[in-house]
Amino acid sequence: MTKNRKERDLARRKFYPADQEASFAEACETRSPQTEHPAYRLAFRDIDFLLREDLRPVRFQLELMKPEILLEEANVGSTLVFYGSARIPPPEAAETALEGARKLPEEQRRVVESLVAKSKYYTEAYKLAKIASEKTIIENGKRQFVVCSGGGPSIMEAANKGAYDAGAESIGLNIVLPHEQAPNPYVTPNLSFQFHYFALRKMHFLIRARALAVFPGGFGTFDEMFEVMTLIQTGKMQPIPILLFGQEFWNRVVNLEALCEEGTISPDDLKLFRFCETAEEAWGHICGFYKI
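Predicted, not measured: the structure shown is a model, and the values here were computed from it.

So, how was this worked out
Residues numbered from 1 in each chain as written. Predicted model: local features only at pLDDT ≥ 70, side-chain atom pairs only at ≥ 80, totals over all residues. Heavy atoms only, no water. Helix = DSSP H or I, 4+ residues; strand = E, 2+ residues; numbered from the N terminus. Rg over C-alpha atoms; globule rule 2.2 N^0.38 Å. Buried < 20%, exposed > 50% of the residue type's maximum accessible area, 1.4 Å probe, protein only. Contact = heavy atoms within 4.5 Å. Areas by Shrake-Rupley, 256 points an atom, 1.4 Å probe, with all protein chains shown as cover. Lys, Arg positive; Asp, Glu negative; His and termini not counted. Charge placed at Lys NZ, Arg CZ, Asp CG, Glu CD. Core = buried A, V, L, I, M, F, W, Y, C linked by side-chain atoms within 4.5 Å. Patch = residues over 30% accessible without salt bridge, like charges linked within 9 Å, V, L, I, M, F, W, Y side chains within 5 Å. Salt bridge = Lys/Arg side-chain N within 4 Å of Asp/Glu carboxyl O. Pairing = 2+ DSSP bridges. Axes fitted to C-alpha atoms, helices over the stretch in contact; angles between N-to-C directions.

Undergrad: So what exactly am I meant to see when it comes to the overall build of the chain here?
TA: Helices and strands together make up the secondary structure of the chain, namely 14 helices and nine strands. Its C-alpha radius of gyration of 24 Å places the chain more than 25% over the 19 Å reference for a compact globule of 292 residues. Structurally, the chain occupies a C-alpha span of about 75 × 50 × 45 Å along its principal axes. A burial count over the chain gives 39% of its 292 residues as buried. Sequence separation of at least 24 residues holds for 69% of the intrachain contacts in the chain that already meet a minimum separation of 6. As presented, the chain carries roughly 17800 Å² of accessible surface, and 54% of it is formed by carbon and sulfur atoms. Across the chain, 36 positive and 40 negative side-chain charges occur, with their mean positions spaced 6 Å apart.

Undergrad: Please clarify how the nonpolar core should be interpreted in this entry.
TA: A general feature of soluble globular proteins is that nonpolar side chains tend to end up buried together. Core analysis: the biggest nonpolar cluster contains 35 residues, and Ile171, Leu212 and Ile242 have the highest contact counts within it. If you look at the next biggest cluster of nonpolar residues, it comprises 27 residues, including Tyr121, Ala132, Trp283 and Ile286.

Undergrad: Sorry, what's going on with unusual backbone geometry here?
TA: Its identity as a non-glycine residue notwithstanding, Thr136 has a phi of 45 degrees, on the positive side. Examined against the element boundaries, Thr136 turns out to sit in the loop between helix H8 (119-135) and strand S2 (138-139). Phi at Ser154 takes a positive value of approximately 60 degrees, unusual for a residue other than glycine. Tracing the sequence through the fold places Ser154 in the loop between strand S4 (146-149) and helix H9 (155-165).

Undergrad: It is not clear to me how a nonpolar patch on the surface should be interpreted in this structure. Could you clarify?
TA: Together, Leu64, Met65, Ile69, Met203 and Ile207 line one region of the surface with nonpolar side chains, adding up to about 390 Å² of accessible area. Where the nonpolar patch is concerned, the elements lending two or more residues are helix H5 (56-73) and helix H10 (198-207). You can call Met203 partly exposed: its relative accessible area is 41%.

Undergrad: I would appreciate a short explanation of the pairing of S4 in the present structure.
TA: Successive residues of a regular strand alternate their side chains across the two faces of the sheet. Because side chains alternate across S4, one face comprises the buried residues Val146 and Cys148, and the other comprises Val147 and Ser149, equally buried. As paired elements, strand S1 (residues 79-83) and S4 share three bridges and run parallel to each other. Paired with Val81 across the strands is Cys148, a residue of S4. The pairing of S4 with strand S5 (residues 171-175) spans two bridges and is classified as parallel. Bridging across to S5, Cys148 finds its partner in Ile171.

Undergrad: Explain the environment of Lys127 here, please?
TA: Relative to the helices and strands, Lys127 resides in helix H8. Taking C-alpha positions, Lys127 is 22 Å from Leu206, a pair spaced 79 residues apart along the chain.

Undergrad: What should I look at first to understand the side chain of Glu224 in this one?
TA: Examined against the element boundaries, Glu224 turns out to sit in helix H11 (residues 219-233). Contact partners of Glu224, with chain neighbours within four places excluded, come to Tyr83, Arg201, Lys202 and Phe205.

Undergrad: Looking at this structure, how should I read the sheet that holds strand S8 (residues 242-245)?
TA: In any sheet, the strands associate via hydrogen bonds between backbone groups, in a parallel or an antiparallel arrangement. Reading across from one edge, S6-S5-S4-S1-S7-S8-S9 is the order of the seven strands in this open sheet, with parallel pairing throughout. Whereas interior strands pair on both sides, the edge strands pair on one side only; in this sheet they are strand S6 (192-195) and strand S9 (274-276). The mean inter-strand angle of the sheet, taken between neighbouring strand axes irrespective of direction, is 25 degrees. Across the sheet, H10 touches S1, S4, S5, S6 and strand S7 (209-214), and the angle it forms with S5 is around 165 degrees. Contacts from helix H14 (residues 279-290) reach S1, S7, S8 and S9 within the one sheet, and its direction differs from that of S8 by about 170 degrees.

Undergrad: I keep staring at the environment of Ile88 and nothing clicks. Help me out?
TA: Checked against the element boundaries, Ile88 lands in the loop between S1 and helix H6 (91-101). On the accessibility criterion, Ile88 (2% relative accessible area) is buried. Separated by 129 residues in sequence, Ile88 and Gly217 have C-alpha atoms that sit 8.6 Å apart. When neighbours within four sequence positions are excluded, Ile88 is seen to be in contact with Leu115, Lys118, Ser119, Ser154, Ile155 and Pro216.

What follows is the structure, given as structure tokens:
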């Protein structure tokens, strides 16, 4: 296409894209007090500016939009979200953990033994993720029930590993923490995201969620699980399957029936979730809910 024809092309953009404009700015050889001052930097290339306190609303928007755009481009239609402890060891590490606990004080040894006893849930998380991933459900041209975890170790790793071994992509939503925290090796690299804001991370857990698999966990697991229940209870979110693995664990650490007896929740609220013990049972409930 000749230069004149390009200029007359109605579909051709008339402004340079941002990355090209940035390259023009970097190529500029003029050096002066004006060009060297931070004020002269392109705003979208100025990290110090973007990290200012009063730019928080912009950072919120970026953290909402980046995963949303990339998940849309990856044709992710819906997700199967996994919540659970980052401390439960995989079965292959159970014997080593028990061996190391033998010389610990009794109270600490019991904690290790309790965590090791829960290693079966690592296996069930792996199996559920593998089952869902092998089904390869496509609707409206998008992949459904894509495995999504917090991207970390233990139950999260099991979920991503199950999808990986099924030859499917999976999502990891990591969060910046004061101590070192990195994605597990089974998260699909182009679907591995890092968040600064817990609130935006929570949104992305739920925007595409069509089912939740909740395994024994601590404060983080409780936080995510009760927020979803609250959203459904208050009508802010339509019901989805909430599958609590390990009835014995949940009945011991949370007395939901007592809340009902105290009148702070209604009997129908106890129907927001379902206990299960195996991956097959959980997947069967998901299939029954959606009639697939």
